[in-house]
Each structure stands twice: as structure tokens, then as C-alpha cells.
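Coordinate analysis (summary)
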Amino acid sequence: MAASVVHEARYRRVPPEGGWGLLVGVGMAMMFVVTLGSLPSFGLMFGDFLTELGEETSAIALITSCFFSALSFAGLFTNTLMKKTSCRTVGLIGAVSYIIGSMMTIFVRSTNELLISFAVFQGAGFGLMIPVSYTTFNAYFVEKRVVMMSVAQTLIGLGTMFYPIFIQRSMDAFGFRGCMAVLAAINSHTLLAMLVMHPVQWHMRRVPLDATSTVEYGPVPTATITEEKPKTEDDFQELPAGQGLIQRNTKLRGSRRASSIPGLGNWSGPVVVSDSTERDTKPATKWQILVDFLDLTLLKDPIYVNIVLGISFALYSDLAFFTLQPMYLFMLAFSKADVSLIIAIGAGADLISRIFLAISSTCLNIKARYVYLAGALFTIVARFGFLCVFDFYGMAIVTAIMGFLRTWIHVPLPLVFSEYLPQERFPSGYGLFMFLQGNITFAIGPIVGYIRDVTGSYTVSFHCLTLVMALCVIPWFFEICYYRLKRKVRKGEPVKHVTIPMIQETKA
């Protein structure tokens, strides 16, 4: 009898790789559809309202900048909140904040009220839900993570593709405030999405020890296995979270690594901000507290600073461009139906690009930073073409091209940092990026809107945004060229010419 009990106790708990995890994946997709879907349609939703107030472009630029600043700051402090309360609770707080902001937009009468409701409440709520969703998803899937993330990305792409058309028809049927009420009801589904983010310990599978002894586990912020061998069922249920990851073999690759580019998901928010390893937090001064919390020593690394600045400029340029695009199309006398269809075509191209990137990343070993650089470079070229077309079909084609390239800017973003930063510095390095990116967005956000109001030209504003995108491409290009030349000189190789490699042949 005793031997039987000991025999049954020799098992480990591993992620379910399905089961309740499927609901987690659906919940994550639902959250991103209702939050990301409204961003490209901001001008479609609030364009007429802001025009009546006489604010238009400058207000759009200010509000969207504050939205992403609030998102970045909330994402930065999510890690601290997760140490004080459960991951699911943080997500529910974010969902409630987002719903409150959505309900407040029904009654807005001024730009300041819209700034508070949309930018502050919805931005902060979105920033809290992003890391919760990724952290929980990563905990439920290890071996099937890339496949399930690709499925989730497909659902997100489908949802965001039809979102502009739905908004346009709701505006026609119910008017501005009626449409805001409908969207508030839809946004309430974020609460359901966060409710399904159960701790993975509730749904662990039992497997024999021998069956999991050689499995390499990826980034699972909450514990997936434990090295202890509980003797009873009660002992097993009381195992604390975060135990198994500490005892992994040191030869295994770090938790920051992903199997491929689509395994990390969307651009927005920290993907791995909750790490089971906590740094020593006993500094002597308040300044040292800030340095330790944000890991400011990374700012001494010129390559890291170049990556942060480049991605911050590229993200702002991309988001501001697609926010102003509907207003520009309205100025060209496009109807609301045409504008919503063009936005939907861009979202559909984004979905196709996600699928393409998922498939190609399994066949080609391409560095994420080179993918990002190529996306930014080709986007600059596509924008010049965008300003040269004025008919519906031409605009739809160019928007589809930019939508396809947009995936190359957003999806590889976290992997750019995970490729460069050491394992133990990835969470703090990514958090510092979010902090700096929020400040940069807030600082330069209103500038483009001001330029549009002063010049009265969307073309000038778009050229300014293209210049901001170039602030990513040009420094990255020179950095890559410089360090390749430097390596060749050190090796004593003759320097003939410099080319930027698009495929990484070896992997550290």
C-alpha cells in the first residue's frame, strides 16, 4: 500500500497545452480585438466630433499620444503590481478601467473629457491587460506556444479587419453617442477576457517524472513544474508558484527566448514583464532605487539606446500615420463607407502578413532586427506612393502594402530586445524601453498635429512622420555598417564593401 502511494506521487505538474488554455487564448484574442480594433478607427469615430469642436488634427495627435503614454506607464508598473497581488487581479483592474473609460466616452462634450476617458482610463487599462494576457498565455502553452499564438494572431487579425466596417455602420445607424454606447458594451467583454485568465496551477496536468525530465521549457512566468516530490495530494496542492523555473538546467536557453517571431505576439506592452527571478532591492538611496527599478545602467550601452530610440520613433510614426489617415481621406472627399473599407483592407493585409511571417519564420532564421529594419525602410517607400494616389483603388492598394509591412514593425518588436539583451536583463530592459517610449511619444506626439494646424496640409504632416520613421532606419543602418566594419578590421579581413545580412547564419 505504501509502495503504491509513493509510486503515484512520482509525477510533475506541467502546463495543460490545451483545455482551459484554449479559453485563455480566446480571451486574449478577444481583448486585443476590442482594444486594438478601435485605434486605427479613431479618426472615424471621433473625427466629426472633434471637427465640431474646431480641434481636429491637434486634438487627435494629443489624445493618441497620451493614450500610448498611459499604456506604457501602466505596463511598466505591472510587474510591481503582480508581486503584490495576483496576475488575474491586475487584469481585472485593467478591464474595469478600460470599461469605465469606454462608458465615459458616451457623454464626452470636450477634448479634455475625451482625453481623460479615452487616453487615461482606456490607455492605462489596456496597459495593464497586455502583460497579464501574455503572461497567462505563456504559462498555459510551452510546446504548442507558437502554434497557438499564430491561431490567436489570426483571430485578432480577423476581428480588427471587420472592426472599421462595424464602426461605420454603427455610426450610420445610431449616431455618434449611440455608436459609443455600442462600443462600450463590446468593450465590456474585456472583463470576461480577464476572468478566464485563471492561474495555471488550477489546470495543471500530471505526467510521470521520466516523461518530462528532458523537456526544455520556455518563458513561463508562473511555475510549470516542480522538482519536489510531494508525498500526498494535499502536499501537492500547496506547492508555491515560481519554484520550478529556479531549478532548471543552466544550459537551457533563457526565458526571454521565443521559438520564432510570431511566438511573441503583438507590439504593444511588455511581453515578459513578470519574471520569477527578483533582483536585490535594498539600495541605499532613492536614486539607486530608481536606477535599480528601471535598470538605468542600460543607458550606457549605445546599441541599446539606438534600439530604443529607433523603435520609439518608428512606433510613433506608424501609429500617428494610421490615426491621421481617415481624416486625410475625408479631406479627399472619400465617403465614410469607402474610408472604413480602405482601413479594413489594410487590416486584412496585416492578417495575411502575420500568417506569412509565421510560416517564413519556421523556414528561415532571420534576425528580428533585420525584419524590423526592412519593414521600416519599405514603409518609407510606400508612404511616398501613398501621397501620389487619389482614387479609391490606388489608395486601397497602397494601404494594403502598408498594412502588410506594418506587421514587420509590430510583431518582431519584443524579439529585437530578447535577441540583444541577456536573459536576466530582458524584463528590466523591456520595461525601461516602455518607460522611455511613453515619454518620447508624449513629447513629440502633439508636434505633428500642430504642424498640420499651422500649415493646413496633411501632406506636410505625413512627410514629417516619414522623417520620424527615417530616424529609425538611418541610425540603425550606420550602426550595423560600423560594427561590421569594426569586426572585419579586428579579424584582419580586407574591407571591400558593406552589405547588411538579412539571414542570421549562426545563433548564439
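Residues numbered from 1 in each chain as written. Predicted model: local features only at pLDDT ≥ 70, side-chain atom pairs only at ≥ 80, totals over all residues. Heavy atoms only, no water.

Okay, the overall build of the chain next. A count of helices and strands for the chain gives 18 helices and 2 strands. Of all 508 residues assigned to the chain, the portion counted as buried reaches 54%. Within the chain, residue pairs in contact and separated by at least 24 positions form 83% of the contacts whose partners lie at least 6 positions apart. With an accessible surface of roughly 22100 Å², the chain has 65% of that area assigned to carbon and sulfur atoms. (Helix = DSSP H or I, 4+ residues; strand = E, 2+ residues; numbered from the N terminus. Buried < 20%, exposed > 50% of the residue type's maximum accessible area, 1.4 Å probe, protein only. Contact = heavy atoms within 4.5 Å. Areas by Shrake-Rupley, 256 points an atom, 1.4 Å probe, with all protein chains shown as cover.)

Attention shifts here to the environment of M129. Along the chain, M129 falls in helix 6 (residues 111–140). Judged by its relative accessible area of 0%, M129 is buried. Taking the C-alpha atoms as reference points, M129 and A74, separated by 55 residues in sequence, lie 9.3 Å from one another. Leaving out residues up to four positions away in the same chain, M129 has contacts with M31, T35, G91, G94, A95, Y98, T190 and M194.

Here we take up a nonpolar patch on the surface. On the surface, a cluster of nonpolar side chains totalling about 600 Å² of accessible area is made up of V96, I100, M104, I116, V120, L191, L192 and L195. For the nonpolar patch, the secondary-structure elements that each account for two or more residues are helix 5 (87–104), helix 6 and helix 8 (189–195). Tracing the backbone shows L195 in helix 8. (Patch = residues over 30% accessible without salt bridge, like charges linked within 9 Å, V, L, I, M, F, W, Y side chains within 5 Å. Salt bridge = Lys/Arg side-chain N within 4 Å of Asp/Glu carboxyl O.)

The subject of this paragraph is the pattern of salt bridges. Scanning the entire structure with this criterion turns up 5 salt bridges. In this structure, the salt-bridge partner of E113 is R109, at a minimum N-O distance of 3.1 Å. When its relative accessible area of 60% is taken as the criterion, R109 is described as exposed.

Judged by nonpolar contacts, the single largest core of 123 residues is most densely connected at I311, Y372, F417 and F433. No other element matches the 17 residues that helix 12 (residues 302–331) contributes to this core. Summarising the domain contributions, this core has at least three residues from each of domain 1 (11–208) and domain 2 (295–490). Here Y372 is in contact with I311, A314, L315, W408, I409, L413, V416, C472 and W476, once residues within four sequence places are set aside. (Core = buried A, V, L, I, M, F, W, Y, C linked by side-chain atoms within 4.5 Å. Domains from an automatic or database assignment.)

Next up on the list: the packing of aromatic side chains. Under the criterion given, the structure shown has 27 aromatic pairs. Both rings, one in F32 and one in F126, keep their centres 6.2 Å apart while their planes meet at 75 degrees; by these two values the pair is edge-to-face. Taken together, the residues span a long stretch of sequence, with F32 in helix 2 (residues 20–36) and F126 in helix 6 at a distance of 94 residues. Here the two residues F32 and F126 agree in accessibility, since each one is buried. Taken together, a centroid distance of 5.8 Å and an interplanar angle of 45 degrees make the contact between F356 and F404 tilted. Here F404 lies in helix 15 (residues 392–410) and F356 lies in helix 13 (residues 336–363), a separation of 48 residues in the sequence. We classify F356 as partly exposed; its relative accessible area is 42%. You can call F404 partly exposed: its relative accessible area is 24%. What links up through ring pairs into an aromatic cluster is the set F32, F42, F46, F49, F67, F68, F118, F126 and F176. We note K367 situated over the ring of Y370; from NZ or CZ to the ring centre the distance is 5.3 Å. Against the face of F322 rests R406, its NZ or CZ located 4.3 Å from the ring centre. (Phe/Tyr/Trp six-rings, centres within 6.5 Å; stacked < 30°, edge-to-face > 60°. Lys NZ or Arg CZ within 6 Å of the ring centre and 35° of its normal.)

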